Amino acid sequence: MEGAELLAQMRLNGAVPRHIAIIMDGNGRWARERNLPRPLGHRSGMKAVREVVEGAIEAEVEVLSLFAFSQENWQRPLLEVNALMSLLQEYIAREADELDARGVRVRILGDLSRLSPGAAAAAEGLMTRTAGNQRLTLNLFISYGARAELVRAARLLAGDVRDGRLALEDIDEDTLSQRLYTSDCPDPDLLIRTSGEQRISNFLLWQVAYAELYMSPVLWPDFTRRHLYEAILAFQARDRRFGRVPV
Ligand code: IPE
Ligand code: IPE
Ligand code: MG
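Bear in mind the structure is a predicted one, so any value in this text is a computation, not a measurement.

**Q** Give me the lowdown on the site of ligand 1, citing residues and values where you can.
**A** The full set of residues close to ligand 1 is M24, D25, G26, N27, G28, R29, R38, H42, A68, N73, R76 and L84. G28 is positioned such that a nitrogen or oxygen atom in its backbone is 2.9 Å from an oxygen atom of ligand 1. Separating an oxygen atom of ligand 1 from a side-chain N or O atom of R29 is a distance of 2.7 Å. For ligand 1, whose unbound accessible area comes to 380 Å², protein coverage reaches 87%. Elements with a contribution of two residues or more to the shell around ligand 1: α2 (27-33) and α3 (38-59). For the shell around ligand 1, the per-class residue count stands at 3 nonpolar, 5 polar and 4 charged.

**Q** A description of the packing of aromatic side chains should follow, citing residues and the corresponding values.
**A** Applying the stated criterion across every chain, the model contains 9 aromatic pairs. Each ring, one from F141 and one from Y144, has its centre 4.7 Å from the other, and the planes form 70°; the classification is edge-to-face. Exposure remark for Y144: the relative accessible area of 1% places this residue in the buried category. Their ring planes at 50° and their centres at 5.2 Å tell us that Y210 and F242 sit as a pair that is tilted. In this pair, Y210 sits in the loop between β5 (190-193) and β6 (212-215) while F242 sits in the segment after α8 (225-236), placing the two residues 32 residues apart along the sequence. Its relative accessible area of 38% is what places F242 among the partly exposed residues. Among the aromatic side chains, those forming a connected cluster through ring pairs are F67, F141, Y144, Y181 and F203.

**Q** Talk me through helix α1 (residues 3-13); I want residue IDs and the actual numbers.
**A** Within the sequence span of α1, burial applies to L6, L7 and M10. The buried residues of α1 occupy an angular sector of 100° when projected down its axis, which confines them to one face. Exposed positions of α1 whose direction lies more than 90 degrees from the buried face are A4 and L12. In the core, the buried residues of α1 are packed alongside α3 and α8. Where α1 ends, the next residue or the one after it, G14, has phi of about 110°, a positive value.

**Q** So, the site of ligand 2: which residues are in play, and what are the values?
**A** Close to ligand 2 lie I23, M24, D25, F67, A68, F69, S70, N73, R76, R193, R199 and S201, which account for all nearby residues. N73 places a side-chain nitrogen or oxygen 2.9 Å from an oxygen atom of ligand 2. Here an oxygen atom of ligand 2 and a side-chain polar atom of R76 are 3.3 Å apart. With 4 residues, strand β2 (residues 63-70) is the single largest residue contributor to the shell around ligand 2.

Reading the values: the criteria
- Residues numbered from 1 in each chain as written.
- Chains lettered and ligands numbered in written order.
- Predicted model: local features only at pLDDT ≥ 70, side-chain atom pairs only at ≥ 80, totals over all residues.
- Heavy atoms only, no water.
- Near = heavy atom within 4 Å.
- Polar contact = N/O pair within 3.5 Å; in protein donor to acceptor, adjacent residues only side chain to side chain.
- Areas by Shrake-Rupley, 256 points an atom, 1.4 Å probe, with all protein chains shown as cover.
- Helix = DSSP H or I, 4+ residues; strand = E, 2+ residues; numbered from the N terminus.
- Nonpolar A, V, L, I, M, F, W, Y, C, P; charged D, E, K, R; others polar.
- Phe/Tyr/Trp six-rings, centres within 6.5 Å; stacked < 30°, edge-to-face > 60°.
- Buried < 20%, exposed > 50% of the residue type's maximum accessible area, 1.4 Å probe, protein only.
- Arc of directions from axis to C-beta.
- Contact = heavy atoms within 4.5 Å.

Encoded structure:
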């Protein structure tokens, strides 16, 4: 089926996921298959980011969360880390106008204190500029690890209890969720990972508790909005039971 047909089918089926999260994987292998250096795989992955942002807007998804750089990715060779950081800045510089014009609210989430001052300033600038947009929330996870996010939330809770802002008995799933980066988003309904890997790699551990998982063999730079629609169609065929008996 073509993209437009898939989109029509998706609308016929009814509800699309409110929040889609994607582990964008396979840039390195895409480059290796072409005898190119890994950074060129990452560069090529930017096109796929554009595709899924546009696809998510067309599908009327509310929140798109993209895992772009993990806390563990800091352990990669400096050359690759630097290439990824300059690509982030380039992405912001190139896409800011378009994202803003399309009504995308961009949030860059993770330990931004480890970013270069230039990259951190660009990230802050884009977040401020697009803060009032309402069509799609695009969460870009950079320098992010889910365990670190949970440790941060635990510290925030402990600080609030110590300072008398929160009673110990009031610590529950809601008060913890409110201290995660994603506090104002619904949990992901659908988690996509590209490149055939079958793992979570420390992404949104708390939030994906009941997400439907969709593993695609496609390498990230080859991922198009058609692939996104196929994932949504697969999601629509799932039976989400949340521990209950099927109706
Ligand atoms: C995903 O592609 C991008 C990042 C993790 C930054 P990879 O760079 O992990 O590509 P593979 O897994 O080596 O193919
Ligand atoms: C996960 O991909 C992180 C991102 C996509 C940003 P990795 O390629 O780093 O994960 P592992 O090492 O295969 O688990
Ligand atoms: Mg990888």
